[in-house]
Amino acid sequence: MLLKPDEDLFEASKMSFGEHLEELRGVLIRSLLALAVGVAIGFMPPVGKFVVRSVQAPLRAGLKEFRTNQIEAEYREYVETNPGADEAELAGLAERLERGLVPKVHWVDAAAFSETLSRLGFQPPAEVPAATEDGLMPVTLFTSIDNDPRTRAMGTGVQDAFMVYVKAALLIGVVLSSPVVFYYLWSFVASGLYKEERKYVYVFAPFSLGLFLLGAAVAFFLALGFVLDTLFWFYGFLDIDPTPRIGEWLNFALLLPVGFGAGFQLPLVMLFLQRIGVFTTEQYVKSWKMGVLVITIAAMVLTPQDWQSMVLLGLPMIVLYFVGIGLCRYLPSRETPTGAAA
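For clarity, every value in this text was computed on a predicted model and none was experimentally measured.

A.B. asks: What should I look at first to understand the overall build of the protein chain in this one?
C.D. replies: Scanning the protein chain from terminus to terminus reveals eleven helices and two strands. The secondary structure elements of the protein chain, listed N-terminal to C-terminal, are α-α-α-β-α-β-α-α-α-α-α-α-α. Put simply, the protein chain has 342 residues, and 32% of those count as buried. Approximately 21,500 Å² of the protein chain is accessible, and the part contributed by carbon and sulfur atoms is 66%.

Here it is, written out as structure tokens:
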């Protein structure tokens, strides 16, 4: 039996508005349950502590590099402004800095210092710094940069440490539950499709999840380092010591990957707009220069004000723009069972 063009083979399977709301309610409840399980795993002490340390790792590495460069620049300036300074001592300082040892000057009582060295069996050095009028002299001691409190994020509130742990648990919950959440969201979308079209859900769901995770990984493992280098450069340029708060850093470290993950959804957004008739594949091809401009502006908005992170987001998005064109061109268009275009 042939169907008329205005007849729908799946008329009996259509859902009412109330049924769609009920379906959405079920999707939200199941997604929240999956998120709750992931958050519960994140609250486990070994897991939460590992994530907090991992999120702090780029910040600590940036602070260590900043402190090392700051100390070396200060001593180099001292050597250049004091003709009698020892160049060999500068070379020795550079070698210690490479080993992760940073100097710190302490003022000690000159007489007590010499007496202590003799009592311990050490020969006092032939040349010692001149003591001040009150008998004090500067002594430089080296310590590991890992023990330098200036290379750690600080908390300024009693609740900061707890809130950081809660945010880390939420992060773990979002990551662990994301495959389930993406599946349920796409299943809700599939409920509004024809039965023969729902097979595309099994392609789009993992594709969307993979793009999001890829964008987040690029942000965390590549972009954060460039962003910190740029921001710390301004601290050095303005002669300001950075003392980052752990809560603010965690917010920043989570926001950037989310922006990258959202930006990497571009091919699916292009395909969606093409399928609903807002744009055509030919318009995407003809307007690729305008597309690159829009991507550049979006990269500026989704990233901090530094060119490195903008490039790290913009270049992959430009590539994904042409991937989106390929999807629009080669992925079969949606048709109704009667053969008419949707």
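Past the structure itself, the notes keep going.
A.B. asks: Is there a simple way to explain the packing of aromatic side chains in this structure?
C.D. replies: The relative placement of two aromatic rings is captured by the distance of their centres and the angle of their planes. Counted by the stated rule, this structure contains eleven aromatic pairs. Ring centres of Phe43 and Tyr165 lie 6.0 Å apart, and the angle between their planes is 55 degrees; this geometry places the pair in the tilted category. In this pair, Phe43 sits in the loop between helix 1 (17-42) and helix 2 (45-81) while Tyr165 sits in helix 5 (residues 160-190), placing the two residues 122 residues apart along the sequence. Among the residues examined, Phe43 registers a relative accessible area of 37% and is labelled partly exposed. Aromatic pair Phe66 and Phe232: ring centres 5.7 Å apart, planes at 40 degrees, arrangement tilted. Highlighted residues: Phe66 in helix 2 and Phe232 in helix 6 (residues 201-237), separated in sequence by 166 residues. Here the two residues Phe66 and Phe232 agree in accessibility, since each one is buried. The rings of Phe279, Tyr284, Trp288, Tyr321 and Phe322 are connected pair by pair, giving a single aromatic cluster.

A.B. asks: Sorry, what's going on with the packing of helix 8 (residues 266-275) against helix 11 (residues 307-330) here?
C.D. replies: When two helices pack together, their arrangement is given by the angle between the helix axes and by the axis-to-axis distance. At a closest axis distance of 8 Å, the pairing of helix 8 and helix 11 adopts a crossing angle of 35 degrees. Where helix 8 crosses over helix 11, the two elements pack in a sense that is right-handed. Along its contact with helix 8, which presents Leu266, Pro267, Met270, Leu271, Gln274 and Arg275, the element helix 11 presents Met317, Leu320, Tyr321, Val323, Gly324, Ile325, Leu327 and Cys328. Counted by class, the contact of helix 8 with helix 11 contains eleven nonpolar, two polar and one charged residues.

A.B. asks: Before we go on, may I ask you to explain the nonpolar core in this structure?
C.D. replies: Note on soluble globular proteins: their nonpolar side chains tend to be buried together. In terms of nonpolar packing, the biggest core is built from 42 residues, with Trp249, Leu256, Phe260, Phe264 and Tyr321 touching the most fellow members. The contacts of Tyr321, once residues within four sequence positions are left out, are Leu266, Met270, Tyr284, Ser287, Trp288, Gly291 and Ile295. Listed in part, the six residues of the second largest apolar core include Ile71, Tyr75, Leu97 and Val102.

A.B. asks: In this structure, what is going on with a nonpolar patch on the surface? I would like to understand it.
C.D. replies: Taken together, the side chains of Trp233, Phe234, Tyr235, Phe237, Leu238 and Ile240 present a nonpolar region at the surface, about 650 Å² in accessible area. Within the secondary structure, Tyr235 is located in helix 6.

A.B. asks: Can you help me understand helix 4 (residues 110-119) in this one?
C.D. replies: Taking the backbone nitrogen of Ala112 as reference, a side-chain oxygen 2.8 Å away marks Asp109 as the first, capping residue of helix 4. In the segment just after helix 4, Gly121 is the residue with positive phi, at about 90 degrees.

A.B. asks: Could you clarify how one ought to interpret the pattern of salt bridges in this entry?
C.D. replies: Where charged atoms from two side chains of opposite charge come close, those side chains can pair. The final tally for this structure, using the stated rule, is five salt bridges. A salt bridge links Asp146 to Lys64, with the shortest nitrogen-to-oxygen separation between them at 2.4 Å. Residue Asp146 is located in the loop between strand 2 (136-144) and helix 5, and its partner Lys64 is located in helix 2; the two are separated by 82 residues in the primary sequence. Residue classification places Asp146 among the partly exposed residues on the basis of a relative accessible area of 36%. In the salt-bridge network here, residues are joined through shared partners; they are Asp160, Arg245 and Glu248.

A.B. asks: Could you clarify how one ought to interpret the confidence of the model for the protein chain in this entry?
C.D. replies: For the protein chain, the mean per-residue pLDDT works out to 77, and 79% of the residues sit at or above 70. Looking across the protein chain, the model is least confident in helix 3 (residues 87-98), with a mean pLDDT of 74, and most confident in helix 9 (residues 281-286), with 89. Confidence over residues 1-13 falls short of pLDDT 50; this stretch has twelve contacts with residues more than four positions distant or in other chains.

A.B. asks: Could you clarify how one ought to interpret a negative patch on the surface in this entry?
C.D. replies: Taken together, the side chains of Glu74, Glu77, Glu80 and Asp239 define an acidic patch exposed on the protein surface. On the secondary structure map, Glu74 appears in helix 2.

A.B. asks: How should I be thinking about the side chain of Thr151 in this particular structure?
C.D. replies: With respect to the element layout, Thr151 can be found in the loop between strand 2 and helix 5. Residue classification places Thr151 among the buried positions, given a relative accessible area of 0%. Within the local environment of Thr151, its side chain forms a polar contact with the backbone oxygen of Ile145, the two atoms lying 3.2 Å apart. Once residues within four sequence positions are removed from consideration, Thr151 is found in contact with Arg60, Leu63, Lys64, Arg67, Ile145 and Asp146.

A.B. asks: What should I look at first to understand unusual backbone geometry in this one?
C.D. replies: Both trends apply: most residues other than glycine have a negative phi, and most peptide bonds are in trans. The phi dihedral of Asp239 falls on the positive side, at around 55 degrees, and the residue is not glycine. Take Asp239: it is sitting in the loop between helix 6 and helix 7 (246-263).

Cut-offs and rules
- Numbers given for residues are sequential positions, taken from 1 along each chain in its written order.
- The predicted origin of the model limits local features to residues at a pLDDT of at least 70 and limits the giving and counting of side-chain atom pairs to 80 or more, whereas totals for whole chains, interfaces and linings rest on all residues.
- Based on all heavy atoms of the structure, the side-chain values leave hydrogens and waters out of the count.
- Only DSSP runs of H or I covering at least 4 residues are called helices, and only runs of E covering at least 2 are called strands; the numbering of each starts at the N terminus.
- Only protein chains enter the area calculation, which uses a 1.4 Å probe; residues under 20% of their type maximum are buried, those over 50% are exposed, and those in between are partly exposed.
- Computed with the Shrake-Rupley method and a 1.4 Å probe, the accessible areas treat only the protein chains shown as cover for residues.
- What counts as a ring pair is set by centres within 6.5 Å for rings of Phe, Tyr and Trp (its six-membered ring), and what kind of pair is set by the plane angle: stacked under 30 degrees, edge-to-face over 60, tilted for all other angles.
- Fitting a line to C-alpha atoms yields each axis, with helices limited to the stretch in contact; the angle taken between N-to-C directions then spans 0 to 180 degrees.
- Crossing handedness is defined as follows: a turn of the near helix away from the far one that is anticlockwise and smaller than a right angle gives a left-handed crossing, while the clockwise case is right-handed.
- Any two residues whose heavy atoms approach within 4.5 Å at even a single point are treated as in contact.
- Gly counts as polar in this scheme, as do all residues outside two lists: the nonpolar Ala, Val, Leu, Ile, Met, Phe, Trp, Tyr, Cys and Pro, and the charged Asp, Glu, Lys and Arg.
- As used here, the term nonpolar core means buried Ala, Val, Leu, Ile, Met, Phe, Trp, Tyr and Cys residues forming a set that is joined through side-chain atoms within 4.5 Å.
- Any residue with relative accessible area above 30% and no salt bridge may belong to a patch, with like charges joined within 9 Å and the nonpolar Val, Leu, Ile, Met, Phe, Trp and Tyr side chains within 5 Å.
- We define a salt bridge as a side-chain nitrogen of Lys or Arg found within 4 Å of a carboxyl oxygen belonging to Asp or Glu.
- The definition of a polar contact used here is a pair of N or O atoms within 3.5 Å, where within protein one atom must be able to donate a hydrogen and the other to accept one, and adjacent residues in sequence count solely through side-chain atom pairs.
- In predicted models, pLDDT denotes the confidence assigned by the predictor to each residue on a 0 to 100 scale.
- Charge counting treats Lys and Arg as positive and Asp and Glu as negative, with His and both chain ends excluded.
- To locate a charge, take NZ of a lysine, CZ of an arginine, CG of an aspartate or CD of a glutamate.

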